[in-house]
Amino acid sequence: MTTIQWTEAMSVGVEELDQDHKHLIQMINGLHYSDTGFVELFNELLDYVGGHFEREETHLEAIGYPGIEGHRGQHDLFADQVAAMLKQYRAEGFADSDQRVADFLWTWLKGHILIEDLKYAAWTRAKKG
Ligand SMILES: [Fe+2]
């Protein structure tokens, strides 16, 4: 299974949020997918993600980030996609649970941190001048 490592290039310039992202990456790397434990493991991860989104949105509000609504929308969309995925899994199961879930999480995490989260990091740097 694919694993990724956090690198400085992913830093959003806020220690607490970088720690969250590192923890998320670790959690995804550490997931051992199996049909029996899949839903529990996935739910654990989702709880953590929910807490992280809150911390991040609180930060974006605090700094007055103009892109906050779009950013919040991305977080909400992720939650919806995950809910749909879980629903489908409960109904049909996935023959390829490992790969499907890993691909989904990595694609999202990399896309979101590397593109959307880095936008607020760049905005913050520009604002500080
Ligand atoms: Fe985010």
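This one's a predicted model, so the numbers in the text were calculated from it and none came from an experiment. (Residues numbered from 1 in each chain as written. Predicted model: local features only at pLDDT ≥ 70, side-chain atom pairs only at ≥ 80, totals over all residues. Heavy atoms only, no water.)

(A) Layout of the coordination of the iron ion. Taken together, Glu56 (OE), His71 (NE2), His75 (NE2), His112 (NE2) and Asp117 (OD) make up the full set of protein donors to the iron ion, lying 1.8 to 2.5 Å away. Going along the chain, you hit the donors of the iron ion in the pattern E-x14-H-x3-H-x36-H-x4-D. Residue Glu56 is located in helix 2 (residues 38-63), and its partner His112 is located in helix 4 (residues 97-128); the two are separated by 56 residues in the primary sequence. Judged on exposure class, the residue Glu56 and its partner His112 are both buried. (Donors = N, O, S within 2.8 Å, 3.2 Å for Na, K, Ca; no water. Helix = DSSP H or I, 4+ residues; strand = E, 2+ residues; numbered from the N terminus. Buried < 20%, exposed > 50% of the residue type's maximum accessible area, 1.4 Å probe, protein only.)

(B) Spatial organisation of the packing of aromatic side chains. Taken as a whole, this structure holds 6 aromatic pairs when the rule is applied. Taking 5.5 Å as the distance between ring centres and 70° as the angle between the ring planes, the aromatic pair formed by Tyr65 and Trp123 counts as edge-to-face. With a gap of 58 residues between them, Tyr65 in the loop between helix 2 and helix 3 (68-92) and Trp123 in helix 4 connect regions that are remote in the sequence. We classify Trp123 as partly exposed; its relative accessible area is 24%. Its end group placed over the ring of Trp6, Lys22 keeps NZ or CZ at 4.4 Å from the ring centre. Taking the ring centre of Tyr48 as reference, the NZ or CZ of Arg55 above it sits at 5.6 Å. (Phe/Tyr/Trp six-rings, centres within 6.5 Å; stacked < 30°, edge-to-face > 60°. Lys NZ or Arg CZ within 6 Å of the ring centre and 35° of its normal.)

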